[in-house]
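Spelled out from the first residue to the last, the chains are:
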Amino acid sequence: MINKAFSFCLTLALLFISVLANAQQQNTEKGPVNEFFRSNDKIYVIVGVLVIIFIGIVLFLIRLDRKIGKLEEREKNNP
């Protein structure tokens, strides 16, 4: 169970890193929204918030998986 959760998290982390690597390319789009975020360095705040939310969801799912595993073990031992 834990090995599956760990491999899943590792896969998602590697996928996220590859997305970040592609995000480093220069964006040639001009627009008021892009200029606003880039001029005030708000894009880093947005990326930081998204990373925090992603980590929170992953930790929640891992905790939920452990609780369900404990309940399944308890149910298996007590018929």
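Under an unreviewed UniProt entry, the name given to the protein is CcmD family protein, and the organism recorded is Chitinophaga hostae.

Chemist: What is the right way to look at the overall build of the protein in this model?
Modeler: Within the protein, the regular secondary structure consists of three helices and zero strands. Listing the helices and strands of the protein from first to last along the sequence gives α-α-α. For the protein, with 79 residues in total, the buried portion stands at 6%. Carbon and sulfur atoms form 66% of the exposed surface of the protein, whose accessible area is close to 7200 Å².

Chemist: Teacher, can you tell me more about the pattern of salt bridges here?
Modeler: Between side chains of opposite charge, a pair can form when the charged atoms approach closely. The full count for this structure, using the stated rule, is one salt bridge. Here Glu73 makes a salt bridge to Lys76, at a shortest N to O gap of 3.9 Å. With Glu73 and Lys76 both in helix H3 (residues 42-77) and three residues apart, this pair spans about one turn of that helix. Look at Lys76 and you get exposed, because its relative accessible area is 64%.

Chemist: I keep staring at the UniProt feature "transmembrane region" (unreviewed entry) in the protein and nothing clicks. Help me out?
Modeler: Summarizing the sequence annotation, UniProt attributes the feature "transmembrane region" (unreviewed entry) to residues 43-64 in the numbering used throughout. Within the segment residues 43-64, helix and strand shares are 100% and 0% respectively, and the terminal C-alpha atoms sit 32 Å apart.

Rules used throughout
Residues numbered from 1 in each chain as written. Predicted model: local features only at pLDDT ≥ 70, side-chain atom pairs only at ≥ 80, totals over all residues. Heavy atoms only, no water. Helix = DSSP H or I, 4+ residues; strand = E, 2+ residues; numbered from the N terminus. Buried < 20%, exposed > 50% of the residue type's maximum accessible area, 1.4 Å probe, protein only. Areas by Shrake-Rupley, 256 points an atom, 1.4 Å probe, with all protein chains shown as cover. Salt bridge = Lys/Arg side-chain N within 4 Å of Asp/Glu carboxyl O. UniProt positions renumbered as here; feature names shortened; annotations may be inferred.

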